[in-house]
Structures are given as structure tokens and as C-alpha cells.
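If you want the building blocks of each chain, they are given just below.
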Amino acid sequence: MVGFPLSTVFRKIISFSNRKALICLLMAVLPIAIRVPALRFVPFPSPWIHDEFSYLLAADTFASGRLTNPPHPMWVHFETFQEIFQPTYASKYPPGQGLFMAFGQRFFGHPWFGVCLSFGLMCGCLCWMLQGFLPPVYALLGTLVAMGEFSLFGYWMDSYWGGAVGAMGGSLVLGAVPRLAKSTSASASWLASLGLIILALSRPFEGLVITFAAVAGLLWWRHRLGRRLLDLFAAQVLVPCVLICVAGGSWLLYYNYRVTGNALLMPYTVHERTYVASPIFYLLPAPPEPIYRHEIMRKNWIGWEKLYYLAARHNPLRIVLAFWDIVPFFSSTLTFFPAVVGLLAFPRSPKMRVTIGALAALWAAMLLMKSWHPHYYAPGAGLLLIPTMYSLRWLRVRCRSAGEAAILLFVVCCFFRGLLYDSIHEYKTRTPTQQDEATNEVKAVSHKGERHLVIVRYAADHDPLHEFVFNRADIDHSFIIWARDMGDAKNRELIDYYPDRRVWLLEPDSPQLRVMPYPQQPLADARGSVETLTLPKGSKN
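The following paragraphs examine the structure supplied in this document. Computed from a predicted structure; not experimentally measured.

Calculation rules
- For every chain, the first residue of the written sequence is number 1, and numbering continues from 1 along that sequence.
- Restriction of local features to residues with pLDDT of at least 70 applies here, the model being predicted, together with a cutoff of 80 or more for giving and counting side-chain atom pairs; totals for whole chains, interfaces and linings are based on all residues.
- Just so you know, side-chain values use all the structure's heavy atoms and leave hydrogens and water out.
- Each Phe, Tyr or Trp ring (for Trp, its six-membered ring) is paired with any other whose centre lies within 6.5 Å, and the angle between the two planes then decides the class: stacked below 30 degrees, edge-to-face above 60, tilted in between.
- Three exposure classes are used, based on accessible area relative to the maximum for each residue type with a 1.4 Å probe and protein chains only: buried under 20%, partly exposed in between, and exposed over 50%.
- Whether a charge lies above a ring is judged from NZ of Lys or CZ of Arg, which has to be within 6 Å of the ring centre and within 35 degrees of the ring normal.
- A run of DSSP states H or I qualifies as a helix once it reaches four residues; a run of E qualifies as a strand once it reaches two. Both are numbered from the N-terminal end.
- Each pair of strands is called paired provided DSSP finds at least two bridges between the two strands.
- All axes are obtained by fitting lines to C-alpha atoms, using only the stretch in contact for helices, and the reported angles, taken between N-to-C directions, cover 0 to 180 degrees.
- Any angle from 65 to 115 degrees is called roughly perpendicular, while one under 35 is roughly parallel, one over 145 is roughly antiparallel, and all others are oblique.
- Note on convention: the crossing is left-handed when the near helix lies turned anticlockwise from the far helix by less than a right angle, right-handed when the turn is clockwise.
- What makes two residues a contact is simply this: any of their non-hydrogen atoms within 4.5 Å.
- Each residue is assigned to one class: nonpolar for Ala, Val, Leu, Ile, Met, Phe, Trp, Tyr, Cys and Pro, charged for Asp, Glu, Lys and Arg, and polar for all the others, Gly among them.
- Whenever two N or O atoms come within 3.5 Å, that pair is a polar contact, provided that in protein one can donate a hydrogen and the other can accept it, and provided that, for residues adjacent in sequence, both atoms are side-chain atoms.

## Considerations on the packing of aromatic side chains
In this structure the tally under the stated criterion is 28 aromatic pairs. For the ring pair Phe 150 and Trp 156, a centre distance of 5.1 Å and an interplane angle of 40 degrees mean the geometry is tilted. Here the two residues Phe 150 and Trp 156 agree in accessibility, since each one is buried. Grouping aromatic residues by their ring pairs yields a cluster made of Phe 150, Tyr 155, Trp 156, Trp 161, Phe 329, Phe 330 and Tyr 377. Against the face of Trp 128 rests Arg 179, its NZ or CZ located 3.9 Å from the ring centre. Across from the ring centre of Tyr 498, 5.4 Å away, lies the NZ or CZ of Arg 501, which sits over that ring.

Structure representation (C-alpha cells):
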């Protein structure tokens, strides 16, 4: 009774899914159409992770019409994580995520709209990729499964940390492989080249790995089909690739030049040389310890980040075991078994061999890193969907109408699992932060036209992950400037630099979050050291 109507629905989906371009557009619009109206119930996410603030700096910079910001004369007071302050003030990350967020900030009033747009485009690109490996109906259903796996309320949508942009680029590169294997498609060349540039602007290392794997798979596949490899140098393939790669590569080199002064030097490299005490690849030797001007930064890079590096060098097996921590993000309990079955049951299929090769290359590259997060794997986000949908396709062949009903139920369960589970799990970590609370407290006592400087003083046991000192691109014109406590003498230098600002002292580690006027007079203790006099809350400067 259940199988028959569901089987009828399945056949209608087959008929509709043959409109490939329309389906890709629909898959791009669907997550946006669901998530934007839900802002009423699940509002804009609050940034929490260091990286998110860095991406927000990039977005604010680009939205202001600049590629970077001039170094600030008092930059040592504003030093923070995942940003560079010399030779210019900028995010350390490649500009892809920041450009999308800048689009949202400039045209829709908030950077999150750019994140939402990138997630929608990612889903459209995933659908296009799957259409190259699978019949249209399974590409459509696989994209719906992906929305559930990555979640419309998960951190790729509901944070500023990234993921969707890299997945978009990887999907375009991988989706071109089966198309170029069978013909010299100009459209596939255009989209693959665009994907290459997106990867270079978002996840350059992982993008390079997935690109090499895709090229190797393409050459092997064409050889297997008996097609000439030289046909890939035909004008309709080569010209789009050259035009897009030269244009995109030139812009990226110019961006590096504007930020670091060297077209071949990435902001990421400048940051790692300046602040980081351990390389991202645990096989490399540790560099000399950088000079830290703030103890909280030393605590993060020496006492936390370096522990991952040392633990990985001591026992590389922990890297393999820790890798499984990110697998559930891409393959939940529902999809893991079909994915494994697909990988094991169809190893002779050229499509599956290319998939396995790309998976192996990306996983091997990630196992060289001291730590990772799901968005590191973003360029290969759609790969596990291919064996999953292969298994469902086999189920339909073997079980016919009952199989069609089972497939629809499976897809519905995956899709709604993402809506119900991750929306609760992720949203609880995206509630307003302590910085939001401090900002609101300052706003509550602010007079019209007044601007503020907040000096942040941490206790010795403060957690570096709970950071307050992040500023906008144009520091001097910000409503609130956040600065680190550097002792009364240096603090006075900063206060004198901003004579028109109301100055506050924030002590995040006190029993209750306290924002109080910065004391006018230092108080010397018996040992001759200088102590800050804490004034009652609400008193005037």
C-alpha cells in the first residue's frame, strides 16, 4: 500500500529531474528559500571561533572597497589571532570566503547573507557534479541528502568559518571529469576552470590535491575509453581554461602584492612566520619560536596549537584515529553503510575508480596535517555521495517498486535529520558571545555621538579560545575599539592617541562580566608595581 504511491512519486521525480539545468538552479535556491525565512526563529549566527572574526575582517575590508588596510600606528595594542598587522592589516586567509561575505554585507546589509548564498551555490554545483556521475534522478536525490548531511542549520551555513565555497569549487572541478572524459565539452571546461580559481581563492592546498586527482582520473578515463588525450588541447577546451586561469591567477597575485608586498607571498604565510610555533604538517620540523608581545597569544600558539603538533609527531596513529572525528559530518549513520557498500561493490566502474582515487588522494593529504576540521575536506565534499547513490540505485534495480519507496524514505530521513538534529546542536553554540554582552553594556551607557575604547585585561588562566580583541577594518572610525591591556604606561599611550573616546576596562574572567571606566590614576603597591584602580561600575572617566 505504501510502496505503490511512493513508486509513482519516484517516477514523477525521474521525469522532472531530466531538466538538468533547472534542477541545478532549484537545488541552489532551495536551501536559501528555507533558511532565510527561518531567520525569524534562528537569527544571524554570532561569531565565536577566531577564524570567523578573521573572515569578518576580510568581508569588512572588501565591502569598504579595499583589498587590505594600512598598518595602524598603535597596532601592537590590537594584535589578535588569525590576522596580520604588518606590512598591512588584513585577514590571513585566502579571499574567497571574505568576498562572498562582503557581497552579503554590501548589498544585503549583513555578511551572513553571503554565507547563505555560497551554501546555495554549493548545492547547485554539487547537483551538477552528481549529474556527471549518476542519472539525473539520483543527482537530485543525492543533493537533497547532502543538504541533510551538511545541514541547512549546520556550521557551513550558520557560521562564518567557511566550507561551502571550497565545496563549490571542488564540485565544479570533479563534475567536469566525466564530461571531459567522454567529449571535449566547452561548458565543462569553463566550469572546471572557474572551479580551479574558486579553490585557489578558498582552499589552495586541498584544492591542488583534488585538482591533481581529477586530472589523473580524467587522463586514465580517456585512455580507457580509447579517446585521444591531445583532444583535451582543442580550442573549445583550452581557451576557456587559459582565459579564466590567467585572469583569476593574475587577480590573486595582485591581491597578494597589495597585502604582503610580494605577489608570491600569501598573507597566510606571513601570519605563520610571524606567530605560529608549529607547522601545519607534522612531518616538518618546528620553526624558531616567534616573538610574542602578549601572553595570551603565546599561550595559544605555544601551549595549545603546538601540543597537537608534538602529539602527532610522537604518535602519528592519533592522526588516523582523529580523522574519524570529521567523518560523521560528511557521512552520518544513515549514509555511512550505503557509502561503504557502494565503494566495495562497484570497484570496477570507471566512475567509482575515479571517485576512490580522489578520496584516497585527499584523505592521504589530510593525514599529513597536525589537525583539521570538516571544511578542510570541503573540495571533496560530494565524493562520498557518489557511492551512496550508487547503492541506492542498485537497491532500485533489485527491489523495483519497494526499492523506489525505500529510496524516497531514505532521502526524506536524511534531509529532515539535518533540519532537526543540527539545527539544535549548532544553534546552541551560536548564541550571543561575551563580546556581544560587553558591547551591549557599553551601548547602554553611551551618549549620542560617543565612541569608545575598551581595554581587555585577562586573568592568568584565561582560555585563549574566548577572545575579545577583534576589530573592524577601519579601526579609528569604529564605534568600539577593542585593545589588549599592556600595562598602565603603554595603555596611557593608546588612551592619549584617542583623546575623544570614552575608555573602559573589561575583565572577562571576573565572577561577573565587568565593563567599568578605566581608572584615571595608577595605584602603586608596596613592591613598586603598578595596579589598576577599579572604579565602581557606572562611574565617569
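Picking up after the structure, the text goes on.
## Overview of the pairing of strand β4 (residues 480–484)
Taken across its five residues, β4 has five buried, putting it largely inside the fold. The two faces of β4 match: Ile 480, Trp 482 and Arg 484 on one face and Ile 481 and Ala 483 on the other face are all buried. Taken together, the five bridges between strand β3 (residues 452–456) and β4 define a ladder with parallel strand orientation. Note that in β4 the partner of Ile 455 across the bridge is Ala 483.

## Some details on the packing of helix α7 (residues 164–182) against helix α9 (residues 204–225)
Running from amino to carboxyl end, α7 crosses α9 at an angle of 15 degrees, the nearest separation of the two axes being 9 Å. Between α7 and α9, the angle is such that the two are roughly parallel. Judged by the sense of rotation from one axis to the other, the crossing of α7 with α9 is right-handed. Residues Val 173, Leu 174, Val 177, Pro 178, Leu 180, Ala 181 and Lys 182 of α7 lie in contact with α9, whose contacting residues are Ile 210, Thr 211, Ala 214, Gly 217, Leu 218, Trp 221, Arg 222 and Leu 225. Within the contact of α7 with α9, the residues separate by chemical class into eleven nonpolar, two polar and two charged.

## With respect to the sheet that holds β4
With mixed pairing, the four strands of this open sheet are ordered in space as β4-β3-β5-β6. Each having just a single partner strand, β4 and β6 (514–517) make up the two edges of the open sheet. Recorded for the sheet is a direction-independent mean angle of 30 degrees between the axes of neighbouring strands. Packing of helix α20 (residues 488–497) onto the sheet brings it into contact with β3, β4 and β5 (502–507), and relative to β3 it is tilted by some 165 degrees.

## What to know about the side chain of Ser 91
Following the sequence through the fold, Ser 91 ends up in strand β2 (residues 90–91). Looking at Ser 91, the relative accessible area reads 2%, which means it is buried. Polar contacts involving the side chain of Ser 91 include one to the main-chain amide nitrogen of Tyr 93, which spans 3.1 Å. When neighbours within four sequence positions are excluded, Ser 91 is seen to be in contact with Ser 54, Tyr 55, Leu 57, Ala 58, Gln 82 and Pro 267.

## Considering the pairing of β6
Both β5 and β6 contribute to a ladder of four bridges, which runs antiparallel. Note that in β6 the partner of Leu 505 across the bridge is Met 516. Two successive antiparallel strands, β5 and β6, enclose a turn made up of six residues.

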